[in-house]
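Observations on chain architecture
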Amino acid sequence: MDDELTNDTTQSSNSSASKANPKLTVLPLIALIFYEVSGGPFGVEDSIRAGGGPLLAILGFLIFPILWSIPEALITAELATTFPENGGYVVWITSAFGPFWGFQEGFWKWFSGVMDNALYPVLFLDYLKHSFPVFNHLAARIPALLILTVALTYLNYRGLHIVGFTAVFLAIFSLCPFVVMALLSIPRLRPKQWLVVDFNRVDWRGYFNCMFWNLNYWDKASTLVGEVENPSKTFPKATFGAVILVMLAYLIPILAGTGALRNNESSEWTDGYFAEVGLLIGGVWLQWWIQAAAAMSNLGLFEAEMSSDAFQLLGMSEMGMLPPIFASRSKYGTPTFSILCSASGVIFLSWLTFQEIIEFQNFLYSIAMLLEIAAFIKLRICSPDLHRPYKVPLQTFGCILLCLPPSILLVLVMCLASTKTFVVSIIVIILSFIMYPIFVLPRKKEKHSEQSNMVLVESDEALQTSLPGNEELVDDASISLLMDPSAPKHE
């Protein structure tokens, strides 16, 4: 009876919690994936500069999604719906290769994500300083960074559904000025300008890093798939909707800007140059709108990244890879300690430069992604009967062919890394190897000890029941409970 009451209480509390903290639906999830991957065309200007002109940038954003983004999105859709739990790729790797490699995957991806998130408050102030020069001074910049990080962290604490709908609003606000810019550029377009390329100015390392950074992290939203309503249908729809949105968000502004402006040098295309393009095409009002959109987009990028990083730690805690405190939730359903841990990492890493962060995170991300591809193939071969609500419409050999181009690209990005990036990445990998026995092994021993104690208790109960005379005692006790108290007692 007590067990039934406990179960009823638990079910009612879970029901009230689900009502208080609604699940993510298709539109908010599309916006979150969009911000995990892109956030708009802010930052793609470097692809034109590093590519020596518009041609390689345009080709890159046409070809790279086919070779890289679509395969990664397909793999993510299959595995996220097969394992609809918070933790995402940590669960996949653990299922394929065991907890050791699952922990490594989780640490590399979390460190890479926090490093990526350290960019966005800095970039937000970089866009604002054009209009508010006070942010050029450290005395104003450092407090502003701290206040901004704390405010955005609090928004994450208030609930994932709030973050999702905030992302929808920010995406609309951030993309609208580029739709206007594209319409205004139509009378000025000269398609032959899209074919310009100067191979003597091509910076291949910068070009590939820029392409990769602007088109990766399709798997990131899988870490919070446990918070998605009907994930087997919602997640694939949202993923493929986000693929289309990201491609259009890159190609339309590049085609409009490079096709409408005359005699512009590729060297001028650096971070923030789209604001200048808006000034030349539409005027001051469009320049200000693009600057505001860029600043707001960085807030959306921060929110999406923070959510996925925090729910990844929650999932790892539920799997026994981290202490239980990482799985504790606030009254809003958000993992409080995991959010604070990710926010602390953001503040700690915010001193790195833009190019350093891109290279470091790309290298760690590449290693982790190669492990995900290997897990995808292994699960297809070793677990063919695994229930897959969404399945990539290819046989195993076709899946191997699908994974070859992104695997080659990942190795290429790693080979182009600088010596400093290699050294830092090796230190992070060694650190993750050391942390595994510290965090995971004690919890495994504790779990094993609990299981051993349960076995001992069950064995003791079985032994007591089997002792001579116990059957008679049990029978007498049962009879006395069943008898009517008013019945005469037998002598």
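Cut-offs applied
- Within each chain, residues carry numbers counting from 1 in the order of the written sequence.
- Note on the predicted model: pLDDT of at least 70 is required for a residue's local features to be given, and 80 or more for side-chain atom pairs to be given and counted; whole-chain, interface and lining totals, by contrast, use all residues.
- The side-chain numbers reported here are obtained from all heavy atoms of the structure, hydrogens and water having been left aside.
- Strands are runs of DSSP state E lasting at least 2 residues, helices are runs of H or I lasting at least 4, and numbering of each runs from the N terminus.
- Contact between two residues is taken to exist if any of their heavy atoms lie within 4.5 Å; hydrogens are not considered.
- What sets the accessible areas is the Shrake-Rupley method with a 1.4 Å probe; for residues, cover comes only from the shown protein chains.
- When a carboxyl oxygen of Asp or Glu is within 4 Å of a side-chain nitrogen of Lys or Arg, the pair counts as a salt bridge.
- The classification of residues rests on relative accessible area computed with a 1.4 Å probe and restricted to protein chains. Under 20% of the type maximum is buried, over 50% is exposed, and intermediate values are partly exposed.
- Only rings of Phe, Tyr and Trp enter the pairing, Trp through its six-membered ring, and a pair is recorded when the two centres are within 6.5 Å. The plane angle decides the type: under 30 degrees is stacked, over 60 is edge-to-face, the rest tilted.
- The rule for a charge over a ring is simple: NZ of Lys or CZ of Arg within 6 Å of the ring centre, and within 35 degrees of the ring normal.
- Every angle, taken between N-to-C directions, lies between 0 and 180 degrees, and every axis is a line fitted to C-alpha atoms, over only the stretch in contact when it is a helix.
- Each angle is binned into one of four classes, with values under 35 degrees roughly parallel, values over 145 roughly antiparallel, values of 65 to 115 roughly perpendicular, and all other values oblique.
- A clockwise turn of the near helix away from the far one marks a right-handed crossing, whereas an anticlockwise turn of less than a right angle marks a left-handed crossing.
- Just so you know the grouping, Ala, Val, Leu, Ile, Met, Phe, Trp, Tyr, Cys and Pro go in nonpolar, Asp, Glu, Lys and Arg go in charged, and all remaining residues, Gly too, go in polar.
- Values of pLDDT, the confidence the predictor places in each residue, fall between 0 and 100.
- Patch criteria: residues need more than 30% relative accessible area and no salt bridge. Like-charged residues are merged within 9 Å; nonpolar side chains of Val, Leu, Ile, Met, Phe, Trp and Tyr are merged within 5 Å.

Regarding the overall build of the protein
Each helix and strand counted, the protein has 18 helices and 0 strands in total. Considering only contacts in the protein between residues 6 or more positions apart, those separated by 24 or more positions represent 84%. Surface accessibility of the protein: about 22800 Å² in total, with carbon and sulfur atoms responsible for 68%.

Some thoughts on the pattern of salt bridges
As enumerated under the stated definition, the model contains 9 salt bridges in all. Measuring nitrogen to oxygen at the nearest pair gives 2.9 Å for the salt bridge that ties Arg 380 to Glu 78. In this pair, Arg 380 is assigned in helix 15 (residues 354–382) and Glu 78 in helix 4 (residues 54–82), connecting sequence segments 302 residues apart. We classify Glu 78 as buried; its relative accessible area is 1%. In this structure, Glu 305 engages Lys 220 in a salt bridge whose closest nitrogen and oxygen atoms are separated by 3.6 Å. Of the two residues, Glu 305 is situated in helix 13 (residues 284–318) and Lys 220 in the loop between helix 10 (204–215) and helix 11 (231–260); the sequence distance between them amounts to 85 residues. Shared partners join several salt bridges into a network, and the residues in it are Glu 78, Arg 380 and Arg 388.

Notes on the packing of aromatic side chains
Under the definition given, this model contains 29 aromatic pairs. Relative to Phe 433, the ring of Trp 101 has its centre 6.3 Å away and its plane inclined at 80 degrees; by these criteria the two rings are edge-to-face. Linking Trp 101 in helix 6 (residues 99–117) with Phe 433 in helix 17 (residues 419–466), this pair joins segments that are 332 residues apart in sequence. For Phe 433, a relative accessible area of 36% gives the class partly exposed. Aromatic ring contacts, followed pair by pair, group Phe 42, Phe 178, Trp 269, Tyr 273 and Phe 274 into a single cluster. The positively charged end of Lys 109 is found above the aromatic ring belonging to Tyr 89, 3.8 Å away from the centroid.

Some points on the packing of helix 4 against helix 10
Between helix 4 and helix 10, the least distance of the axes is 10 Å, while the angle of their chain directions is 50 degrees. On the basis of their axis angle, the class for helix 4 and helix 10 is oblique. Seen from above, helix 4 lies across helix 10 with right-handed handedness. Residues Leu 56, Ala 57, Gly 60, Phe 61, Phe 64, Pro 65, Trp 68, Ser 69 and Glu 72 of helix 4 form the contact with helix 10, whose own contacting residues are Trp 204, Tyr 207, Phe 208, Met 211, Phe 212, Asn 214 and Leu 215. Each residue belonging to the contact of helix 4 with helix 10 can be placed in one class, and the counts come to 12 nonpolar, 3 polar and 1 charged.

What to know about the confidence of the model for the protein
Residues at a pLDDT of 70 or more form 84% of the protein, whose mean pLDDT is 83. Here helix 1 (residues 2–20) is the element of the protein with the lowest mean pLDDT, 41, and helix 5 (residues 89–97) is the one with the highest, 95. Confidence over residues 1–19 falls short of pLDDT 50; this stretch has 0 contacts with residues more than four positions distant or in other chains. Throughout residues 470–491 the model reports pLDDT below 50, and contacts reaching past four residues in sequence, or to other chains, amount to 2 contacts.

Comments concerning the packing of helix 9 (residues 160–185) against helix 11
Contact geometry of helix 9 with helix 11 gives a least axis separation of 9 Å together with a crossing angle of 40 degrees. The orientation of helix 9 relative to helix 11 falls into the category oblique. The two elements helix 9 and helix 11 cross, and the hand of that crossing is left-handed. Only Leu 245, Ala 249, Ile 252, Pro 253, Ala 256 and Ala 260 of helix 11 make contact with helix 9, whose side of the interface consists of Leu 175, Phe 178, Met 181, Ala 182 and Ser 185. In terms of residue class, the contact of helix 9 with helix 11 is built from 10 nonpolar, 1 polar and no charged.

Thoughts on helix 5
Where burial is concerned, most of helix 5 is hidden: 7 out of the 9 residues are buried. Residues of helix 5 that are buried: Tyr 89, Val 90, Val 91, Trp 92, Ile 93, Thr 94 and Ala 96. Just beyond helix 5, the residue with positive phi is Gly 98, at close to 100 degrees.

Quick word on a nonpolar patch on the surface
A grouping of Phe 422, Val 423, Ile 426, Ile 427, Ile 430, Ile 434 and Ile 438 is seen on the molecular surface, where their side chains present a nonpolar patch of about 640 Å² in accessible area. As for its placement among the helices and strands, Ile 426 is situated in helix 17. Residue classification places Ile 426 among the partly exposed residues on the basis of a relative accessible area of 46%.

Comments concerning the environment of Phe 422
Looking at the secondary structure, you find Phe 422 in helix 17. For the pair formed by Phe 422 and Glu 359, sequence separation is 63 residues and the distance between their alpha carbons is 9.5 Å. Sequence-distant contacts of Phe 422, defined by excluding residues within four places in its chain, comprise Phe 363, Met 414 and Ala 417.

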